[in-house]
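What follows is the residue order along each chain.
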Amino acid sequence: MTMHRIRTIVFALSAALAFPVVAGAQAPPPAPGQPPAKQPAPKPAPNPDLPAPPANFEYTIDGRRDPFLSLVNRGADPRTSGNQPVKRAEGVPGLLTTEITVRGIVQTRGEYVAMVAGVDGKVYSIRAGDKLADGLVRQVTAQAVVILQEVNDPLSLEKQREVRKLLRGGEEVK
């Protein structure tokens, strides 16, 4: 006899023996005027193919990745390190690319200078070559500010991307 056939026979016998006991066991009828009592759901029979779980199971990491944590959005965020916020530089070097909006662009001495607003409500002037917290101002044109932003995503093949902050609002990512 094969192991599969033995398991099938054992399962069939256990089901046949358990059925009359479950079917014959009924609660007494409710007293007149009382709602019927709810029957507890019968516990399923343990699967003989699976090993029984230990009574007090605890997952230990032991240098492995926790399988219950999401792998999505796990890249390093320059604004936070764990739960503690990171102290950033003051002024333009402390601004992130996503935090700035272009308020105006002026031309002075043959080059363009952009007036950008940060999340702190202050307005800063930036030129080509200025560094941001997550990138570098590559170019300032009459219509936009072009920023070479560093990508901090370990799953991304691209390590830098070009972001155009438009004067009339909006953003283009290449």
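This text gives an overview of the structure that appears in the document. (Residues numbered from 1 in each chain as written. Predicted model: local features only at pLDDT ≥ 70, side-chain atom pairs only at ≥ 80, totals over all residues. Heavy atoms only, no water.)

## Section: the overall build of the protein
Each helix and strand counted, the protein has 1 helix and 10 strands in total. Listed by position from the N terminus, the elements making up the protein come as α-β-β-β-β-β-β-β-β-β-β. Sequence-distant contacts in the protein: of pairs separated by 6 or more residues, those separated by 24 or more amount to 30%. Carbon together with sulfur atoms contributes 58% to the accessible area of the protein, which is approximately 14000 Å² in total. (Helix = DSSP H or I, 4+ residues; strand = E, 2+ residues; numbered from the N terminus. Contact = heavy atoms within 4.5 Å. Areas by Shrake-Rupley, 256 points an atom, 1.4 Å probe, with all protein chains shown as cover.)

## Describing the nonpolar core
It is characteristic of soluble globular proteins that their nonpolar side chains tend to be buried jointly. Counting 14 residues, the largest nonpolar core has Ala114, Val116, Ile126, Leu132 and Val145 as its most contacted members. For this core, the secondary-structure elements that each account for two or more residues are strand E3 (101-108), strand E4 (111-117), strand E5 (123-126), strand E7 (135-140) and strand E8 (144-150). In this structure, Ala114 is in contact with Gly104, Ile105, Tyr124, Ser125, Ile126, Val140 and Val145, ignoring residues within four places of it in sequence. (Core = buried A, V, L, I, M, F, W, Y, C linked by side-chain atoms within 4.5 Å. Buried < 20%, exposed > 50% of the residue type's maximum accessible area, 1.4 Å probe, protein only.)

## Looking at the pairing of E3
In the sheet, E3 pairs with E4 via 7 bridges, with the strands oriented antiparallel. Note on E4: the bridge partner recorded for Thr108 is Glu111. Here E3 hands over to E4 after 2 residues, with Arg109 in that stretch at a positive phi of 50°. (Pairing = 2+ DSSP bridges.)

## Overview of the environment of Ala128
Mapped onto the elements, Ala128 comes out in the loop between E5 and strand E6 (131-132). For Ala128, a relative accessible area of 47% translates into the label partly exposed. Between the C-alpha atoms of Ala128 and Tyr112, which are 16 residues apart in sequence, the distance is 8.3 Å.

## Thoughts on the sheet that holds E4
The strand order E3-E4-E5 describes an open sheet built from 3 strands, whose pairing is antiparallel. With one partner strand each, in any of the chains shown, E3 and E5 form the two edges of the open sheet. When the angles between neighbouring strand axes are averaged without regard to direction, this sheet yields 25°. Note: E4 against E5, 4 bridges, orientation antiparallel. Each bridged residue has a counterpart across the sheet, and for Ala117 the counterpart in E5 is Val123. (Axes fitted to C-alpha atoms, helices over the stretch in contact; angles between N-to-C directions.)

Nothing here speaks to function; it is geometry throughout.
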